[in-house]
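# Structural features, examined
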Amino acid sequence: MLGLFKKVFDGNQRQIGRLEKMADQIDALGPEIASLTDDQLREKTAEFQQRYQNGESLDNLLDEAFAVVREAAKRVLGMYPYKVQLMGGISLHEGNISEMKTGEGKTLTATMPVYLNAITGKGVHVVTVNEYLASRDASEMGRLYEFLGLKVGLNLNHLTREEKQEAYAADITYSTNNELGFDYLRDNMVLYKEQMVQRPLHFAVIDEVDSILIDEARTPLIISGSAQKSTALYIQANAFVRTLDKETDFTFDIKTKSVQLTEEGMSKAERAFGIENLFDISHVALNHHINQALKAHVTMQNDVDYVIDEDQVVIVDQFTGRLMKGRRFSDGLHQAIEAKENVEIQNESMTLATITFQNYFRMYEKLSGMTGTAKTEEEEFRNIYNMHVVVIPTNKPISRDDKADLIYKSMEGKFNAVVEDIAERHAKGQPVLVGTVAIETSEVLSALLKKKGIRHHVLNAKQHEREADIIENAGHKGAVTIATNMAGRGTDIKLGEGVVEAGGLAVIGTERHESRRIDNQLRGRAGRQGDPGVSQFYLSMEDELMRRFGSDNMMAMMDRLGMDDSQPIQSKIVTRAVESAQKRVEGNNFDARKQLLQYDDVLRQQREVIYKQRFEVLDSDNLRAIVERMIESTLQRVVEVNTPREELEEEWNLQAIIDYVNANVLEEGEVTEEDLRRKEPEEMVELLVDHAKARYNEKEEQLPEEQMREFEKVVVLRAVDSKWMDHIDTMDQLRQGIHLRAYGQTDPLREYQMEGFAMFENMIATIEEEVTKYIMKAEINNNLERQEVAQGQAAVHPKEGDAPAKKKPKVNAIEVGRNDPCICGSGKKYKNCCGKES
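Here the residue numbering is sequential within each chain, running from 1 through the sequence in written order. Local features in this predicted model are restricted to residues of pLDDT 70 or higher, and side-chain atom pairs are both shown and tallied only at a pLDDT of 80 or more, whereas totals for entire chains, interfaces and linings draw on every residue. To obtain the side-chain values, all non-hydrogen atoms of the structure were used and water was disregarded.

### A word on the overall build of the protein chain
Quick reminder of the rule: In this text, helices come from DSSP runs of H or I with a minimum length of four residues, and strands from runs of E with a minimum of two, each type numbered from the N-terminal end. Accessible area is worked out with a 1.4 Å probe on protein chains only. A residue is then buried under 20% of its type maximum, exposed over 50%, and partly exposed in between. By definition, residues are in contact when any of their heavy atoms lie within 4.5 Å.
Looking only at helices and strands, one finds 30 helices and 22 strands in the protein chain. Counting every position in the protein chain, which comprises 838 residues, the buried fraction comes to 53%. Contacts in the protein chain between residues far apart in sequence, at least 24 positions, make up 75% of those at least 6 positions apart.

This is the structure:
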């Protein structure tokens, strides 16, 4: 009865039943396809391509195409996909996520839907988390695709533009998520259409999809240019923060990781910097620097959040424990850490272009992915990416023993127990993989193992070059490997000789991660393909997750029972309590990502409009029609502002219209105030537009056709690029403070959408005005060249819950009086600061 109930109500079970039937149909074609010669098998590709061109759907071709790839894999790679791999492949083709356990052959599974979708000729992207995996899979699986007559491209960071174009033009392109995102941004900054490297985004298969679309979802890819700024304030703020005392001068909330100055701390700051009020508008910059210095000292820890490598602050990825060279914390936090660690402070940057992975991958026509752990995040995949998670059964039953958590009173007791357990298993030749959450923990454990004389490898961000080798040997007899979090993900741990008899791979977790999925990934390293294995998590009441979710009561209970450090609690109740804490954190993280997406969608819609119009400019041979529309709407705005409907005709400011037109559009005296009098606003616009067109014609007659067309492009591209960069900046500043609107009983998101839309409209108007002014007024030189507005470099900003990097302020259309406070926030008068006569 229970089995029947499960079948009716378990959606996954129904999917599996359907996929099994389809896999059986592919299986049935096996003997027929096996009878083909190599050449006949290869010819099938051209046949499928022809049938697709003739209108046959990919779904119709699926059975045959999968059977062809399966047979080719047997001949080329010596591997014959199992039935469960066929099922996983069908699920990928349908735009879903195939959850397949470690060791089930995800790389081979992907070859079938990749081949089928490559038949369209629109290009398929296979996305991995790092370049090592992209290169490995491209060369291994590339042999299979090339045998079947398809071209394979590998897109790496160091390639030239021509090499990238070739990689993207291939039927199948292997790349990392970072490189795809940056290429998209760079393509929308090029000056000539021929410089673009990507084709329209068609179909992507994402390996380790949870890592890219969940863990890194809030990560904005940013192309930034340097903004010159003094480093003195970082040094001063850092020196000041060092003098502060916790509790009296600032408070720190461990749950939210927020740090705030107390009244006493504020007074101390005012005395230290010789100012009257820290929250005066002229001290915004100083206040910001003090807050970032506080954050750097209190919430950011060396060897946990970052490491010092070759006198540089290098971020450590909180999810994978990898070093993220080239990435920088935004909003001045990176500089604050550099000041704290006494290394060279590098300049802040200004954003030229930005996009999050969430928004980049949602642009594909079809998206699919595979991972060993996605079910816990199914709601997020469905809501944000419209992808369903299909849990594919394992080829052989899992025989891993997942033991209940052992909970110790203190960290010390926990680590001693972990070392004892490792020593015991090592003595009988059982390989051990130890998962840690931070680099610091891995080094503490390593020191304890050294004392015991146990040989081991430490795999953390500090030596990730040898990562794959260390992980591959982690299943050999007696091997002990300490891996930071999930370093080594995507590389299989195969068991060595005599290991099955020793009990298979033992996985030991030294604390629970805030996401169940990361814990499941660690467990999943053991027990692949039906191998024996064991997993055990060691926890302590001092672990961060336990501290954040009320370990105080349990500590008191352990004290009452007189339990010491050597006695663990092994209780399903505690394990369930930990899991419910993890669920709460996951829920909070999902809400944060969902909210970020709602905010980011405002910029996404604007970015799509700008990039689409920018491409039209690059693609067009003659921009005159576009420029004329811009001139017309500029003149319309000028007339509307100065002829309001609610005012009498005598009160209209016709002189202001003439002044604007003289300065920006026509020669002085060409149209007079008298010409506009007694006309309706629409007639005024018509008259001015006619004059502008006549002036445009004169300009065209003075120049060769080609030069005039190029001049239009130079002007439009420059205006669009510079105004768009300013707009990203102002949107970022709006975003920084929008949450404060909640105190005024208004919805910050709605306010952001409305103000963001108004700012976008304003940006479009300034683009049109600038184009009008330059087209109509500029003298054209012969050495006309398109120029980049700024030189940019790619950077990924991790751990971003909010907005991209904060840059130096740009002030648009603000008149500053000589005696007003300076706009740079220095506190001096404008005439004594930025307004000094040079």
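Alright, that's what it looks like, and here's the rest.
### Here we look at the packing of helix α21 (residues 516–523) against helix α24 (residues 572–619)
Put simply, the rule reads: Orientation is described by lines fitted to C-alpha atoms, with helices fitted over the stretch in contact, and by angles between N-to-C directions that extend from 0 to 180 degrees. Here the angle decides the label: under 35 degrees means roughly parallel, over 145 means roughly antiparallel, 65 to 115 means roughly perpendicular, and every other value means oblique. Note that Gly is not counted as nonpolar here; it falls among the polar residues with everything else outside the nonpolar set of Ala, Val, Leu, Ile, Met, Phe, Trp, Tyr, Cys and Pro and the charged set of Asp, Glu, Lys and Arg.
Where α21 meets α24, the axes come as close as 9 Å, and the angle between the chain directions of the two elements is 120 degrees. Taken together, the axes of α21 and α24 are oblique relative to one another. Along its contact with α21, which presents Arg516, Arg517 and Asp519, the element α24 presents Glu579, Gln582, Lys583 and Glu586. A class-by-class count of the residues in the contact of α21 with α24 yields no nonpolar, one polar and six charged.

### What about the nonpolar core?
Quick reminder of the rule: Here, nonpolar core refers to any group of buried Ala, Val, Leu, Ile, Met, Phe, Trp, Tyr and Cys residues whose side-chain atoms link them within 4.5 Å.
Core analysis: the biggest nonpolar cluster contains 89 residues, and Leu185, Leu213, Phe361, Leu367, Phe381, Ile657 and Val771 have the highest contact counts within it. Among the elements that line this core, the one with the most residues is helix α29 (residues 705–737), at twelve residues. Membership of the second largest hydrophobic core comes to 52 residues, among which are Ile16, Ile33, Phe48 and Leu144.

### A look at the side chain of Glu377
One can find Glu377 in the loop between β13 (366–371) and α17 (378–385). In this structure, Glu377 is in contact with Ile214, Ser515, Arg517, Glu586 and Arg593, ignoring residues within four places of it in sequence.

### What about the sheet that holds strand β4 (residues 172–176)?
Keep this limit in mind: Two strands pair under a simple rule: DSSP has to find at least two bridges between them.
Ordered by their spatial adjacency, seven strands build an open sheet running β3-β4-β2-β5-β13-β1-β14, and the pairing between neighbours is parallel. Two strands bound the open sheet, and with one partner strand each, they are β3 (152–155) and β14 (389–391). Averaged over neighbouring strand pairs, the angle between their axes works out to 20 degrees when direction is ignored. Each of β2 (124–128), β4, β5 (203–207) and β13 touches helix α7 (residues 106–118); the most contacted strand, β5, lies at about 175 degrees to it.

### Topic: the pairing of strand β17 (residues 432–436)
With five of five residues buried, β17 lies mostly within the body of the structure. Burial of β17 is two-sided: the residues Val432, Val434 and Thr436 facing one way and the residues Leu433 and Gly435 facing the other way are all buried. In this sheet, strand β19 (residues 480–484) lies alongside β17 in parallel orientation, the contact comprising five bridges. Across the sheet, the residue bridging to Val432 is Val480, located in β19. Relative to strand β20 (residues 505–509), β17 runs parallel, the two sharing four bridges.

### Regarding the packing of aromatic side chains
Think of a pair of aromatic rings as described by two things: how far the centres are apart, and how the planes are tilted against each other in angle. Keep this limit in mind: A pair of aromatic rings is counted whenever rings of Phe, Tyr or Trp (Trp by its six-membered ring) have centres within 6.5 Å, and the orientation is called stacked for planes under 30 degrees apart, edge-to-face for over 60 and tilted otherwise.
Taken as a whole and judged by the stated rule, the model has twelve aromatic pairs. Taking the centre distance of 5.7 Å and the plane angle of 55 degrees together, the rings of Tyr184 and Tyr360 count as tilted. Here Tyr184 is found in helix α10 (residues 177–187), whereas its partner Tyr360 is found in helix α16 (residues 357–361), with 176 residues between them in sequence. Here the two residues Tyr184 and Tyr360 agree in accessibility, since each one is buried. With centroids separated by 5.7 Å and ring planes inclined at 90 degrees, the aromatic side chains of Tyr360 and Tyr364 adopt a geometry described as edge-to-face. For Tyr360, a relative accessible area of 0% corresponds to the buried category.

### Describing the side chain of Arg516
With respect to the helices and strands, the residue Arg516 is situated in helix α21. In contact with Arg516, not counting residues within four places along its chain, are Thr376, Glu579, Gln582, Lys583 and Glu586.

### Let's talk about a negative patch on the surface
Applicable threshold: Patch membership requires over 30% relative accessible area and the absence of a salt bridge. Like charges are linked within 9 Å, and nonpolar side chains (Val, Leu, Ile, Met, Phe, Trp, Tyr) within 5 Å. To measure how exposed things are, a 1.4 Å probe is used in the Shrake-Rupley method; for residues, cover is taken only from the protein chains shown. Salt bridges are defined as contacts in which a side-chain nitrogen from Lys or Arg sits within 4 Å of a carboxyl oxygen from Asp or Glu. The positive count covers Lys and Arg only, the negative count covers Asp and Glu only, and His and the chain ends enter neither. For this purpose, a charge sits on NZ of Lys, CZ of Arg, CG of Asp or CD of Glu.
The grouping of Glu646, Glu647, Glu649, Glu650, Glu651, Glu680, Glu683, Glu686 and Asp690 at the surface amounts to a negative patch. Along the chain, the position of Glu650 falls in the loop between α25 (624–642) and α26 (654–664).

### Brief notes about the sheet that holds strand β11 (residues 323–324)
Strand order in the open sheet made by the three strands is β9-β10-β11, with antiparallel pairing throughout. Each having just a single partner strand, β9 (306–309) and β11 make up the two edges of the open sheet. Of the pairings in the sheet, the one linking β9 to strand β10 (residues 312–316) comprises four bridges and is antiparallel in character. Paired with Val307 across the strands is Val314, a residue of β10. Where helix α15 (residues 333–340) meets the sheet, it contacts β9 and β10, and its direction lies at approximately 125 degrees from that of β10.

### Some points on the pattern of salt bridges
One pass over the structure, following the stated rule, counts 55 salt bridges. The closest approach of N and O atoms between Glu682 and Arg645, which form a salt bridge, is 2.7 Å. One end of the pair, Glu682, is in helix α28 (residues 681–702); the other, Arg645, is in the loop between α25 and α26, with 37 residues separating them in the sequence. When its relative accessible area of 47% is taken as the criterion, Glu682 is described as partly exposed. On the basis of relative accessible area, Arg645 is assigned to the exposed category, the value being 61%. The partner of Glu674 in a salt bridge is Arg677, and the shortest N-O contact between them spans 3.5 Å. Looking at Glu674, the relative accessible area reads 48%, which means it is partly exposed. Ionic contacts of the salt-bridge type, sharing partners, join the residues Arg624, Glu628, Glu700, Glu705, Arg709 and Glu712 into one network.

### Digging into α15
Of all eight residues making up α15, eight are buried, and the element is well covered by its neighbours. Residues Leu333, His334, Gln335, Ala336, Ile337, Glu338, Ala339 and Lys340 constitute the buried set of α15. Asn342 occupies a position one or two residues after α15 and carries a positive phi of about 60 degrees.

### Side note on the environment of Gln335
Looking at the secondary structure, you find Gln335 in helix α15. Taking the C-alpha atoms as reference points, Gln335 and Ala293, separated by 42 residues in sequence, lie 8.8 Å from one another.

### Thoughts on the packing of helix α12 (residues 232–241) against helix α13 (residues 263–273)
Rules: Here a crossing is called left-handed whenever its near helix is offset anticlockwise from the far helix by less than a right angle, and right-handed whenever the offset is clockwise.
Interhelical geometry of α12 versus α13 gives an angle of 130 degrees and a closest axis separation of 11 Å. Classified by the angle their axes make, α12 and α13 are oblique. α13 is crossed by α12, and the crossing has right-handed handedness. Together, Gln236, Ala237 and Phe240 of α12 and Gly265, Lys268, Ala269, Ala272 and Phe273 of α13 make up the contact between the two elements. Taken together, the residues that form the contact of α12 with α13 break down as five nonpolar, two polar and one charged.

### As for helix α2 (residues 11–28)
How we decide: In this analysis, the expected span of each helix is defined as 1.5 Å times one less than the number of residues it contains.
Spanning 18 residues, α2 covers 26 Å between terminal C-alpha atoms, matching the ideal 26 Å at 1.5 Å per step. For α2, the elements touching its buried residues are α3 (30–34), α5 (58–76), α6 (83–93) and β14.

### Let's talk about unusual backbone geometry
Notably, Glu310 is not glycine yet its phi reads approximately 50 degrees, a positive angle. With respect to the helices and strands, the residue Glu310 is situated in the loop between β9 and β10. Non-glycine residue Gln529 carries a positive phi angle of around 50 degrees.

### A closer look at the confidence of the model for the protein chain
Close reading of the predicted structure is inappropriate where its pLDDT is low. Stated precisely, the cut-off is as follows: Per residue, pLDDT measures the predictor's confidence, with a range of 0 to 100.
Residues of the protein chain with pLDDT of at least 70 account for 84%, and the chain-wide mean is 83. This stretch, residues 822–826, has a pLDDT under 50; its non-local contacts, to residues over four places away or in other chains, come to 14 contacts.

### A word on the environment of Arg51
Defined as follows: In protein, a polar contact requires one atom able to donate a hydrogen and another able to accept it; more generally it is a pair of N or O atoms within 3.5 Å, and residues adjacent in sequence count only if both atoms are side-chain atoms.
Within the secondary structure, Arg51 sits in helix α4 (residues 38–53). Put simply, Arg51 and Ile119 are 68 residues apart on the chain and 9.7 Å apart in space, counted from C-alpha to C-alpha. Sequence-distant contacts of Arg51, defined by excluding residues within four places in its chain, comprise Glu56, Leu61 and Glu64. Among the polar contacts listed, one links the side chain of Arg51 to the side chain of Glu56, at a separation of 3.0 Å.

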